[in-house]
Amino acid sequence: MDINNLLIWIVCLSCVTTTIYAVRTSFHHNRGWIFVSTFIFVVTAVTSYLIPNLGGLVGGCFWLIFILIPNLVNRKVNQLVAQQRYHQASKLAQFVSWLHPADGLREKPEMLRALDLGQQGAIAEAISILNRYKTTDTPTGRSAIVTLYQIDARWEEMLVWIQENLSEARLQKDSEMLLYYLRSLGETGDLNSLLHAWEYYERSIEQIPNLITRNLARMFVLAFCGKIEQVKTLINGSLRIYSPTIQVFWLATANLAAGNESLGREQLLSIRDSNDIRFHGAIERRLSQPVVEAETILTDKSKQILSRISAELLQEAKYSGKADLTQPKPNATYFIIGLNLFAFALEIQFGGSTNFLTLYRLGALVPTEVIKGDWWRLFTAAFLHFGFLHLLMNMFGLYVFGRLVEFNLGIARYLILYLTTGLGSMLAVTWMSVMGYSKTQFVVGASGCVMGLVGAFAAILFYDWLRHKTRIASKNLRGILLLILLQAIFDLTTPQISFVGHTSGVIIGFVVGFLLKVIGK
């Protein structure tokens, strides 16, 4: 495995997924991303064909500048907006607009400057900028329109505008407008319509790639329906990036909707001096026109939908590896990562991580040696790595999937699973080599264990789907199966990778993981 081949895979996969998402969302308004992704994919493919050793490096440079950096900076911009730091957000957005001037990114700095001006008290100038951009034809224009409504808390007018100007198909593709539609239904007190709209657009909300955006939609519904604890869970989780003002605002909304009027008003009064033009009017309206008490108007059907949202929130937290802030840290995963790092340090100390003789002496898997009696190599080989890149990739996979499996199985069963998949995958490699089905003669790495964790997590999702038939479990399971398929293709096209070790790890991990899950119940 070399960095050039890895970069080719990363670049091509990223370009394909970016193009698919852009086309599905809006071909017309994502033409810039589609053009950039297609261009980089073609450049990478052509260069890889003409100059194989440079394909990944050339494509990787274009991908870094025109896809990765704009996405990372844009994510930071959104975080700054969530924290109500509009001045810094505007400056960063300007930088992104230079790298990627299409798809509304050129107008975004001005939109953020309007919010910054409003924050400084120059409301008339802010409104002038927003009026300059408002139109129903572009995402930026629609954002300007709803911001103008939001400044004066004209939620009834916003709701009418959305219903008259945005089709169901548009709402399904424009997540920002869908969020404003849900919020306007809540702000106007039509909670039953809010819950029915959630049910109607639930599939579209599930397909939003950004977890923060999905949970923001959930928070709107839960807050207006008085679900205080669920709102706290969201704020303590993925929505903790939002400023204290925004967090208190939605906690106050939940308290008012739950009938805790005095506490809700007290919380709103504590943030009344907010200078954010998008929230000042909302706070004043909330104080003068408290939200309706949810329990008094919700129908049985609405309560069922609300109950399902709460349950799915817990399910999604479960599959993210952390249900709440009190959950113990994945200490077993950290311990195993520590063992791998210690083994890597020994490799460097005794001759280098790419020195075959050093790896052999420290316990690399050599099938013929195992047959002769060096059975301990089945264990030690899983903690050795060939070079820093090999170590980095495996430790990343171990961190991601180790936390998930440890959280769902507990430390004892998790360690049993890890050791079983490690030994099992190494035994499979040894047997296939001795029988002549594989030419693998030298193996190191925790890849079999990591793929075992992937298989185990698939088993956990499958088990939960069999028991509860939850859509979140089904969605995550499809994602894991796609990951396994891509890994198999990568293994088959990369000579240095042990396809047998990875495949056997997945199979053993799935079987053992499923059994451990059943036993644990």
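Data block above holds the structure.
For clarity, every value in this text was computed on a predicted model and none was experimentally measured.

A. Region of the structure containing the overall build of the protein chain. The number of helices and strands found in the protein chain is 26 helices and zero strands. By principal-axis analysis of the C-alpha atoms, the protein chain measures approximately 85 × 55 × 40 Å. Split into buried and exposed, the 521 residues of the protein chain put 52% on the buried side. A fraction of 67% describes how many contacts in the protein chain between residues 6 or more apart in sequence connect residues 24 or more apart. As displayed, the protein chain offers around 24,500 Å² of accessible surface, 63% of which is attributable to carbon and sulfur atoms.

B. The packing of aromatic side chains, seen in detail. Applying the stated criterion to the full structure yields 21 aromatic pairs. Taking the centre distance of 5.3 Å and the plane angle of 90° together, the rings of Trp9 and Phe490 count as edge-to-face. With Trp9 in helix α1 (residues 3-26) and Phe490 in helix α25 (residues 471-492), the pair connects residues that are 481 residues apart, well separated along the chain. Residue Phe490 is classed as buried on the basis of its relative accessible area of 7%. Judged by centre distance (5.3 Å) and plane angle (40°), the ring pair of Phe356 and Phe386 falls under tilted. Here the residue Phe356 occupies a position in helix α19 (residues 356-362), and Phe386 occupies one in the loop between α21 (377-380) and α22 (388-409), the gap between them amounting to 30 residues. One aromatic cluster in this structure is built from Phe220, Phe224, Phe249, Trp250 and Phe279. Directly above the ring of Phe279 sits Arg183, whose terminal nitrogen or CZ lies 5.7 Å from the centroid. The cationic tip of Arg377 hangs over the ring face of Tyr360; the distance from NZ or CZ to the ring centre is 4.3 Å.

C. Layout of helix α15 (residues 261-270). Within α15 the residues assigned to the buried category are Gly264, Gln267 and Leu268. Summarising the axial view, the buried residues of α15 lie within an arc of 100°, below the 170-degree limit, and thus occupy one face. Turned more than 90 degrees off the buried face of α15, the exposed positions are Ser262, Glu266 and Ser270. On its buried face, α15 is in contact with α14 (244-257) and α16 (277-288).

Procedures and definitions
- Residues take numbers from 1 onward in each chain, read along the sequence in its written order.
- Whole-chain, interface and lining totals are the exception, using all residues; otherwise, since this is a predicted model, local features are given only for residues with pLDDT of at least 70 and side-chain atom pairs are given and counted only at 80 or more.
- Side-chain descriptors were evaluated using all non-hydrogen atoms of the structure, hydrogens and water having been removed beforehand.
- Helical segments are the DSSP runs of H or I of at least four residues, strand segments are the runs of E of at least two, and each set is numbered from the N terminus.
- Each residue's exposure class comes from its accessible area (1.4 Å probe, protein chains only) as a fraction of the maximum for that residue type: buried when under 20%, exposed when over 50%, partly exposed otherwise.
- Here, residues are in contact when the closest pair of their heavy atoms is within 4.5 Å.
- Note on areas: Shrake-Rupley with a 1.4 Å probe; residue coverage comes only from the protein chains shown.
- The criterion for an aromatic pair is that two Phe, Tyr or Trp rings (for Trp, the six-membered ring) have centres within 6.5 Å, with stacked assigned to planes under 30 degrees apart, edge-to-face to planes over 60 apart and tilted to the rest.
- Geometrically, a charge over a ring is one whose NZ (Lys) or CZ (Arg) sits within 6 Å of the ring centre while staying within 35 degrees of the ring normal.
- The arc under discussion is defined with respect to the helix axis, by the directions toward the C-beta atoms.

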